Amino acid sequence: MTTATATAITVIPAITVAPAPAIAAPEAKPPDADSQRCACCFTERAQDVAATRTTTRDFFAQVHPGHSSDLEAAALVVSELVTNAIQHGHGPGTLTLIAHADGLDITVTDPSPDLPHARVPDIEDGSGGWGWHLITAACDRLDAAPNAAGGKTVHAHLPWV
């Protein structure tokens, strides 16, 4: 078994890999026999956002091919969650993707204990504020909680369309 990085992908049958406590969100659905899992690490570098999007697209092409609208929604949610982790988490983090029959679980961890929240988007100077709203619109479940490592875990479930 190989280890995935932000620029490489490893697809592992989830039944053989138990998620680590630090990356398991309270609302995350446990993997079943048909689930597939992918995990990678990212740093504070902005280019890691693009690398996690690529990892997501590669994983998605293997587990849910031919569904371009689901793919773009997954890439958007991953991009926003990882961007938030880099901008507000101030340290390295992890991205875990688990494909289930009903959708994709996306879990992001970072070292900050500060839980995310929606803010009013800034339409004047473009300083952001749209991410949490976009994630909420795309996903049917979204939660954040402190994790055992002292940071936080954000979990989103993106249903297949």
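From a predicted model like this one, the values you see are computed outputs, not experimental measurements. (Residues numbered from 1 in each chain as written. Predicted model: local features only at pLDDT ≥ 70, side-chain atom pairs only at ≥ 80, totals over all residues. Heavy atoms only, no water.)

Okay, the overall build of the protein next. Looking only at helices and strands, one finds three helices and six strands in the protein. The helix and strand sequence of the protein, counted from the amino end, reads β-β-α-α-β-β-α-β-β. A buried classification covers 44% of the 161 residues belonging to the protein. Roughly 8000 Å² of accessible area belongs to the protein as shown, and the carbon and sulfur atoms make up 59% of that amount. (Helix = DSSP H or I, 4+ residues; strand = E, 2+ residues; numbered from the N terminus. Buried < 20%, exposed > 50% of the residue type's maximum accessible area, 1.4 Å probe, protein only. Areas by Shrake-Rupley, 256 points an atom, 1.4 Å probe, with all protein chains shown as cover.)

Quick look at the confidence of the model for the protein now. For the protein, per-residue confidence averages 81 on the pLDDT scale, and residues scoring 70 or more make up 79% of the total. pLDDT under 50 marks residues 1-26. Its contacts with residues more than four places away, or in other chains, come to 59 contacts. (pLDDT = per-residue confidence, 0-100. Contact = heavy atoms within 4.5 Å.)

Our next topic: the packing of aromatic side chains. Any aromatic ring pair is given by two values, namely how distant the centres are and how the planes are angled relative to each other. Summed over the entire model, instances satisfying the criterion amount to one aromatic pair. A ring pair is formed by phenylalanine 60 and tryptophan 160, whose centres lie 5.5 Å apart and whose planes are at 80 degrees; its orientation type is edge-to-face. In this pair, phenylalanine 60 is assigned in helix H1 (residues 47-63) and tryptophan 160 in the segment after strand S6 (152-159), connecting sequence segments 100 residues apart. We classify phenylalanine 60 as buried; its relative accessible area is 2%. For tryptophan 160, a relative accessible area of 18% translates into the label buried. (Phe/Tyr/Trp six-rings, centres within 6.5 Å; stacked < 30°, edge-to-face > 60°.)

A few words now on the pattern of salt bridges. Across all of its chains, the model carries three salt bridges by this definition. One salt bridge connects arginine 45 with aspartate 48, and the closest N-O pair in it is separated by 2.7 Å. The class for arginine 45 is partly exposed, based on a relative accessible area of 45%. Classification of aspartate 48 as buried rests on a relative accessible area of 3%. (Salt bridge = Lys/Arg side-chain N within 4 Å of Asp/Glu carboxyl O.)

Glancing now at the pairing of strand S4 (residues 103-110). Burial analysis of S4 places eight of its eight residues in the buried class, the great majority of the element. Sheet analysis places strand S3 (residues 93-100) next to S4, joined by seven bridges and oriented antiparallel. Looking across to S4, one finds that leucine 95 is bridged to valine 108. With antiparallel pairing between neighbouring strands as the criterion, S3 and S4 make up a hairpin whose turn holds two residues. Pairing of S4 with S6 involves eight bridges; the strand directions are antiparallel. Within S6, the residue paired with valine 108 across the bridge is valine 154. (Pairing = 2+ DSSP bridges.)

Now for a nonpolar patch on the surface. Nonpolar side chains collect at one region of the surface, where Leu76, Ile123, Trp130 and Leu134 lie side by side and expose about 400 Å² of accessible area between them. The residue isoleucine 123 is located in the loop between S4 and helix H3 (131-138) in this model. (Patch = residues over 30% accessible without salt bridge, like charges linked within 9 Å, V, L, I, M, F, W, Y side chains within 5 Å.)

A few words now on the side chain of serine 35. Structurally, serine 35 can be placed in the loop between strand S1 (12-13) and strand S2 (36-42). By relative accessible area, which is 2% here, serine 35 ends up buried. Within polar-contact distance, the side chain of serine 35 engages the side chain of histidine 100 at 3.1 Å. (Polar contact = N/O pair within 3.5 Å; in protein donor to acceptor, adjacent residues only side chain to side chain.)

Let us now look at the environment of alanine 145. Relative to the helices and strands, alanine 145 resides in strand S5 (residues 141-146). Owing to a relative accessible area of 12%, alanine 145 belongs among the buried residues under this scheme.

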